[in-house]
Amino acid sequence: MGLTTRYGLAILLPWAAIACSAETPSVKPTPAAGGSSSSGGTAPLVNGGGGGSGATAGVASTAEECKAATHPGRTPLRRLTAAEYNNTVRDILGDTSSPGNDFPPPAEGSGFSNDADAYQTQVVDVQAWLTAAEALAAKYRSAGKLTLPCAADAQACATTFINDTGKKLFRRPLTDAEVTSYLARFTAGSTGGTFEEGLEWVLERMLQSPHFLYRVELESVGKPAGTAVALDDYSIATRLSYFLLASTPDAELLAAADARQLSTAEGVAAQVTRLMKTDAFRSTLNFFHQQWAGWNEVTGASKAATITPEWNAALQDNLIHESELFVQSVFASGGTYQDLLTATHTFVNPTLAQFYGITYPDSGADFVRVDAVPHRAGLLTQASVLAGHARPDLSSAVKRGYMIRKSLLCTVPPPPNGITIPPVVKKEGVTARAVFEQHRANEPCKSCHVLMDPLGLPLENFDEFGRYREMDQGQPVDATGGLTLVASKGGVVDPAEAPVDGAADLGTQLASLPEAQKCLVQTWFRYAAGHQEEALDSCTLNALIERFASSGGKLDDLVVGLATSDGFRYRMDPQ
Amino acid sequence: MIVEFSRRKFLLAAGGTTLALPVLETLSVPKALAAYEQARRVIFYLTSNGTPVEGRPTGAGASLTLGKVHQGLAKHQDKLLYIAGLDSRAAILSNGDPHATGFATSLSGRKCLPGDMFKHGACFESAGACASTGWGDGPSLDYELGQQILQANQATKSGPVYGMLNFSVKNCPASLYTRSSYSKPGEPITPYADPQVTFDTVFGKPGAGMMDDATAARVAARQKSVLDEVQLELTELQSKLSASDKLRLEQHVTALRELEETLQRQSTQNGSSACMPPARPTLKAGNVVQRNAGGMETNTNDDKSDKLLERHAVWHKMMTAALACDATRVITYMSSPSRSDTFMPWLEGADAAYPGNFEKPHHAASHDDDKPTLIAMDHWYATQISSLTDDLLATKDAAGKSLLENGAIAWINELSNGPAHTHEDKPHTLIGSLGGYFKQNQFVQYPKNTPHNVLLTAIAQAMGMQTDHYGGADAGLLGGSLSLVKA
């Protein structure tokens, strides 16, 4: 059996058996080695999310159990993603050709594209790495970077190159055996060839080495399975840099590892604070929130009507850039989850100012900050998200509600089973709200759509382009909805019992929901850990959720919290 | 531009004359698998979203009347065998979205593995049982055929470089919806999706042919040594890791070994290089296909420009050349992934006999049961296959025979009836007799409930594989008369 039944053969989530009126479990049982799994049930969600009855035996989840020992979760071996590969060779070799763009895409996963379990290594992958390594090494040589002033003493000079370059590429000092082995390769390459050729052979192999392509952690070697082991400084530097920068540790981080400054939470926190100020971290924020809020779905989203400014790729890119700048600004100002969903400021260029119907406050053409756009507050009211979750001809409370339920509340509504979906057709004189009415009124649609539609309806003041409207099809917009099936709101099915009125109210209410805060923590955890949360991660998640709540939902503190958590600073091979 | 490629020495004689082959093959190896003159070639041509019954061929036996879809292949009717009535019973036995299971079982004839993956998409067929699924089971027929061909030629150090080649028009992340070829249970094969990378891999990088023999030998030695040494690093590392991480590295080691064997075959195949590869494509892989929560493709811009047309043309050339150069004898061409949201704007107003709404992607047309649009789109695929057939007929192998003389194209859809998402009575079309094995210009009707494994078995036999049944061993997958399709 391969790795491919990622969460185990025995685990079948019987969607059809789950009434849609129940919150679906979002914590996966921990798979055993080899991808097959024990038939352990779904673990209790953190913080009293379930009783002891569903707990996987031996997995700590209560406050006492968590306090009694260190509990890191499973740490699958992580392969560099194509983007990480590109960034890494850019930062170490100065190569900006992005060779990873030629690599085959990873498998479609349920998590982020850095999900460790989405990677299988096949012939096309190793062929691509061979091609990339040959090209990178050849270019490095042509650029004269392998012509070293010390080459007169070839062996000593090559040894220095192997140690220095190897340390950057493997993100740790090389062992003596490795130096010997690579020196032998240098000798083979330079015999009958040149000094530079010998180094090219070395570089080519380093770029195909598992110690480069994977983020190898050897701390568990020789320890019994199930033992929590502290990571060494180099492993922590690597985890930090790929988490925050999607690239290799920079010189300062490697120096901090050399000086053993990463063995304490304080030492790690200091580096996190530094790294969060870099451009690379801003790219990470873009990447994370794009996958979280799905704003990339606006790219190429076709629309039926014609508007001014023209609905085209440039406008779609502008909308995405607005959201990127907004998210970055919230983080940079030490903002909270509340700010993310309610802050009134945003960023516009002249085109977006026209799109939003405001005056562009500057004379140039750049994006500038504006303190408010009428009727808008927070990420959910930005057109990238609104237009990306709409139909070509209609706003869609279903798509918007689905996104909120899935991304903000971490519950995936099941696909429709065994029913034929009648086409939903736009009609003149009928509001978008009314077009989808049958989803909410009739079975078999109703029991599942109650998970989605009431969360999306408060956004009805925004049309399929994300433009504000007070009238739809000649009728006043009804933007009432409700926080249905949310435990802290009573788990009601009738939206009127947990009412929400309009977009601003939606953002405010969502941000204060414990479920939403927990979900954001879980989502960041998935990104940092490279896998879906599992029972073994309960202690780390518990602590993070508590910290997030007591910080008032501070986003930068959540990132520091993740990087200093047990799950991040320790590892464990599963039993 | 003609690219020199001395590194890739194909088993071909200058001027198309027959090259004397070493006759060392063992008697137990079917000739079709080994000897060049007998070589069988097959292209599995995959399309999706089902075909309306109204557009399919009708008839009985030698009376074959092409429907609107197959009119696109009318000029090759004398080489066409239409097979009606076969079910993808393996898909019916699987959990999961019928699109996905239909695609993943097309070439394996094995039901999908259990699992909790691939939840999105609608499940129409069997409420309750239709939950989630694991990967496809394997191996699939294309892969196994390739392996047998390589083994049969091992002793003589002849034969194709690749057991099989797998090409995809779209650049799709791996999922049950996008993988029909498997090397093992749960191990899907990643297809080549980048025409330029594929060209460089299969036909040689620009300039490679300028090397003298000594340089070429040194390059080969360097590649071999790096792959060997990386394998040693991997093996050493494996011994330190947990069982699940060991498995990840085991796949890596296996892949390196396969790559090494491929490079080895490339360097040792002797013969002169008379086969003509196509010009090096300028086209790179398309955007990585993204899907929204409902499973719909969201970035289909390539379709709407003429890039998709260009892509098909490039891959068609590559397929023909790969067969002519004996780079491989088995090709799987993913003309579209399952549940494809392909747009075909070029069909708008192209043919009055084939009207439709081409603002719609293929999958949406299927859900809307928009028969004119579906028929026009399938007809377009038929014309594509017809033009590929033209190319295969016009291109001679080193023995002087056309590539189709001992070959065939097998056109397979992941669904039968699109709107209902069924797997009963899927349309199956063969162009070419595969060395005289299959009937031609015939309409063959199988009785109800016959698994499409019978067709996979027939293709396996025609290719030279010694088997009485191909695919899974479940009760529903057995049976069906081979003689109905055999000439």
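Criteria and cut-off values
Residues numbered from 1 in each chain as written. Chains lettered and ligands numbered in written order. Predicted model: local features only at pLDDT ≥ 70, side-chain atom pairs only at ≥ 80, totals over all residues. Heavy atoms only, no water. Helix = DSSP H or I, 4+ residues; strand = E, 2+ residues; numbered from the N terminus. Buried < 20%, exposed > 50% of the residue type's maximum accessible area, 1.4 Å probe, protein only. Areas by Shrake-Rupley, 256 points an atom, 1.4 Å probe, with all protein chains shown as cover. Contact = heavy atoms within 4.5 Å. Domains from an automatic or database assignment. Salt bridge = Lys/Arg side-chain N within 4 Å of Asp/Glu carboxyl O. Polar contact = N/O pair within 3.5 Å; in protein donor to acceptor, adjacent residues only side chain to side chain. Nonpolar A, V, L, I, M, F, W, Y, C, P; charged D, E, K, R; others polar. Disulfide = S-S within 2.5 Å.

## Notes on the overall build of chain B
Along its length, chain B carries 11 helices and 11 strands. By the burial criterion, 64% of the 487 residues in chain B qualify as buried. Summed over all atoms, the accessible surface of chain B reaches about 16100 Å², with 54% contributed by carbon and sulfur.

## Remarks on the overall build of chain A
Each helix and strand in chain A was counted, giving 25 helices and 10 strands. For chain A, the proportion of its 575 residues judged to be buried stands at 59%. Across chain A, the fraction of contacts at a sequence separation of at least 24, relative to all contacts at a separation of at least 6, is 69%. Of the roughly 21200 Å² of accessible surface on chain A, a fraction of 54% belongs to carbon and sulfur atoms.

## Re the domain arrangement of chain B
All names here are of chain B. In terms of domain boundaries, chain B breaks down into domain 1 (35-205 + 277-484) and domain 2 (211-268). Using C-alpha coordinates to define each centre, domain 1 is positioned 32 Å away from domain 2. Contact residues are listed per partner, giving 8 residues for domain 1 and 5 residues for domain 2. At the surface where domain 1 touches domain 2, the tally comes to 0 salt bridges. The tally of links between domain 1 and domain 2 comes to 4 residue pairs in polar contact (both at pLDDT 80 or more). Of the residues assigned to the side of domain 1 that touches domain 2, the class counts are 6 nonpolar, 1 polar and 1 charged.

## Observations regarding the environment of Ile320 of chain A
Tracing the backbone shows Ile320 of chain A in helix H12 (residues 313-332). Residue classification places Ile320 of chain A among the buried positions, given a relative accessible area of 11%.

## Notes on the state of the cysteines
This structure, assessed with the given rule, holds 3 disulfides over all chains. Two residues, Cys66 of chain A and Cys539 of chain A, share a disulfide whose sulfurs are 2.0 Å apart. Because the sign of the S-S torsion sets the handedness, a value of about -85 degrees for the bond joining Cys66 of chain A and Cys539 of chain A places this disulfide among the left-handed ones. With Cys66 of chain A in helix H1 (residues 63-68) and Cys539 of chain A in helix H23 (residues 538-550), the pair connects residues that are 473 residues apart, well separated along the chain. Of the residues examined, Cys539 of chain A reaches a relative accessible area of 10% and is grouped as buried. Paired by a disulfide, Cys150 of chain A and Cys157 of chain A hold their sulfur atoms 1.8 Å apart. Disulfide Cys150 of chain A-Cys157 of chain A: torsion about the S-S bond near 50 degrees, hence right-handed. A residue is classified by how much of its surface remains accessible, and Cys150 of chain A, at 37% relative accessible area, is partly exposed. Lacking any disulfide linkage, Cys172 of chain B is separated from the closest cysteine sulfur, that of Cys112 of chain B, by 17 Å. Cys172 of chain B gets classed as buried once you look at its relative accessible area, which sits at 5%.

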